[in-house]
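Observations on the model geometry
Single-letter residue listing:
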Amino acid sequence: MRGQILTFDAETGGGLISGDDGNRYAFSALDVRGNVPAVGSTVDFVAADGYAREVFGLVQAPVATTTQPAPVDYTGEDLSLWAYFVRAITQGYADGKGRARRKEFWGFTLFANLFVIVPVAALATVAASIDPTLESETSAALFGVGFLIFSLTILAVIIPSVALYSRRLHDVGMSGWLYLLAFVPFGNIFLLVVSFMPSQQQTNQYGPIPTPRPPWAT
C-alpha cells in the first residue's frame, strides 16, 4: 500500500503514515528499509494490524515540463521594390538594426545601380556622338559631368548599402559584422550567397520575420 508520512519523532524512532485507504498506521524506524523518508514523503508499506511494516521511501518522478516554442511574429510589410529603395535611403539610411528580406535588398540594389549607370551611360553616349575621340570641350565636359554624377551617386549609396547588408545578414541569423568579409579575398562571394538566402522563418535575436504573416501561420 502507498501512503504519506505524517509525523516522525527521531528520539523515539516512531511515526505515523496516512495510507491511501484513509487509515493511519504507526511505524518504527526499524521497519524502514534505507533512510527514514522526510515528513510528507510518499512511501510504500505493508499494512499489518494498524502498523506499517516494510516501509520503502518512493522517489517522486519529476513533473514533465513542455518547452514552449519561441513566439513567431511578422512585420506584415510587403512594399514595392521602389518603396523599399526609398526607405533604404531615407529612414534606413544608416540603420543596421533589424532585418531585411531579399525583396528589400534587391529593390535597393536595382535602383541604386540604375541611378549610377543610366545618367553616366546617357551622358557618355551624347559625348561620344558629339566627338568620339572626346577631344572637344563639349564632349569632354559631358564626360566629366557623367563621371561626377557617378562618383557622387556611389558616395551617396555607400552608407545605406552597408546598413542594408547588415540587416540582410541579420535576416538569415548572422552577425552584421560579417560584412567586413567584403574586404578580404573571395569575401564578396559569401555576401552574394547571403543576398540570395531566404529569411529565417522564425523570430530571431534581430527581430520578427520581415514579411506578411502567411495564411497557414498560427
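Given the structure is predicted, the values throughout are model-derived calculations rather than measurements. (Residues numbered from 1 in each chain as written. Predicted model: local features only at pLDDT ≥ 70, side-chain atom pairs only at ≥ 80, totals over all residues. Heavy atoms only, no water.)

As a further point, take the overall build of the chain. Regarding its fold elements, the chain presents four helices and six strands. Listing each helix as α and each strand as β along the chain from the N terminus yields β-β-β-β-β-β-α-α-α-α. Here the chain has a C-alpha radius of gyration of 37 Å; the compact-globule value for 218 residues is 17 Å, and the former is much larger. Along the three orthogonal principal directions, the C-alpha set of the chain runs to about 120 × 40 × 25 Å. Long-range contacts, defined as pairs at least 24 residues apart, comprise 57% of the intrachain contacts of the chain with a sequence gap of at least 6. Carbon and sulfur atoms provide 65% of the accessible area of the chain, an area that totals close to 13500 Å². Charged side chains in the chain number 13 positive and 17 negative. The centres of these two groups are separated by 5 Å. (Helix = DSSP H or I, 4+ residues; strand = E, 2+ residues; numbered from the N terminus. Rg over C-alpha atoms; globule rule 2.2 N^0.38 Å. Contact = heavy atoms within 4.5 Å. Areas by Shrake-Rupley, 256 points an atom, 1.4 Å probe, with all protein chains shown as cover. Lys, Arg positive; Asp, Glu negative; His and termini not counted. Charge placed at Lys NZ, Arg CZ, Asp CG, Glu CD.)

Let us look at the nonpolar core. Phe108, Tyr179 and Leu191 are the most contacted members of the largest nonpolar core, which totals 16 residues. Within the residue set of this core, elements represented by two or more residues are helix H1 (81–89), helix H2 (102–130), helix H3 (137–171) and helix H4 (187–196). Discounting chain neighbours no more than four positions away, the residues touching leucine 191 are Tyr165, Leu169, Leu178, Tyr179 and Ala182. Grouped together as the second largest cluster of nonpolar side chains are nine residues, Tyr25, Phe27, Val43 and Val55 included. (Core = buried A, V, L, I, M, F, W, Y, C linked by side-chain atoms within 4.5 Å. Buried < 20%, exposed > 50% of the residue type's maximum accessible area, 1.4 Å probe, protein only.)

Further remarks concern the pairing of strand S1 (residues 2–9). When a strand is regular, its side chains alternate between the sheet's two faces. As paired elements, S1 and strand S5 (residues 42–48) share three bridges and run antiparallel to each other. When the sheet's bridge partners are listed, glutamine 4 is paired in S5 with threonine 42. Of the strand pairs in this sheet, S1 and strand S2 (residues 14–19) are connected by six bridges, and their pairing is antiparallel. Bridge pairing in S2 places glycine 3 opposite glycine 19. Counting the residues that bridge the hairpin from S1 to S2 gives four residues, and of these glycine 13 lies at a positive phi of roughly 75°. (Pairing = 2+ DSSP bridges.)

Before going further, it helps to spend a moment on H3. Taking 1.5 Å per residue as the helical rise, H3 with its 35 residues ought to reach 51 Å, and the 50 Å between its terminal C-alpha atoms agrees with that figure. If you look at H3, its biggest bend is around 35°, right at isoleucine 158, and the proline proline 160 turns up within four residues after that. Phi turns positive one or two residues past the end of H3, at glycine 173, with a value near 85°. (Expected span 1.5 Å × (residues − 1). Bend = angle between axes of the 7 residues up to and from the residue.)

As for its position among the elements, arginine 168 is in helix H3. Judged by its relative accessible area of 0%, arginine 168 is buried. Here the side chain of arginine 168 touches aspartate 171 through a polar contact of 2.6 Å, side chain to side chain. Once residues lying within four places of it in the same chain are set aside, the contact partners of arginine 168 are Ala100, Arg101, Arg102, Phe105, Val194, Ser195, Phe196, Met197, Pro198 and Ser199. (Polar contact = N/O pair within 3.5 Å; in protein donor to acceptor, adjacent residues only side chain to side chain.)

On average, the chain scores 87 in pLDDT, and the residues at 70 or more come to 94%. The least confident element of the chain, judged by mean pLDDT, is strand S6 (residues 51–57) at 85; the most confident is H1 at 96. (pLDDT = per-residue confidence, 0-100.)

Let us now look at the pattern of salt bridges. Summed over the entire model, instances satisfying the criterion amount to ten salt bridges. Note that arginine 167 and glutamate 104 form a salt bridge whose closest N and O atoms lie 3.2 Å from each other. Of this pair, arginine 167 sits in helix H3 while glutamate 104 sits in helix H2, and the two are 63 residues apart along the sequence. Of the two residues, arginine 167 and glutamate 104, neither departs from the other in class, the shared state being buried. Residues joined in a network through salt bridges with shared partners are Glu77, Arg87, Glu104 and Arg167. (Salt bridge = Lys/Arg side-chain N within 4 Å of Asp/Glu carboxyl O.)

In this structure the tally under the stated criterion is 13 aromatic pairs. When the centroid spacing of 5.1 Å and the interplanar angle of 90° are considered together, the rings of phenylalanine 105 and tryptophan 106 count as edge-to-face. Using a relative accessible area of 6% as the deciding quantity, one classes phenylalanine 105 as buried. Ring centres of tryptophan 106 and phenylalanine 196 lie 5.2 Å apart, and the angle between their planes is 40°; this geometry places the pair in the tilted category. Note that tryptophan 106 is positioned in helix H2 and phenylalanine 196 in helix H4, a separation of 90 residues in sequence. (Phe/Tyr/Trp six-rings, centres within 6.5 Å; stacked < 30°, edge-to-face > 60°.)

So, on to H4. For H4, every residue scored as buried is listed here: Gly187, Leu191, Val194 and Ser195. Down the axis of H4, the sector holding all buried residues measures 100°, keeping them to one side. Opposite the buried face of H4, at more than 90 degrees from it, the exposed residues are Ile189 and Phe196. At its buried positions, H4 is contacted by H2 and H3. (Arc of directions from axis to C-beta.)

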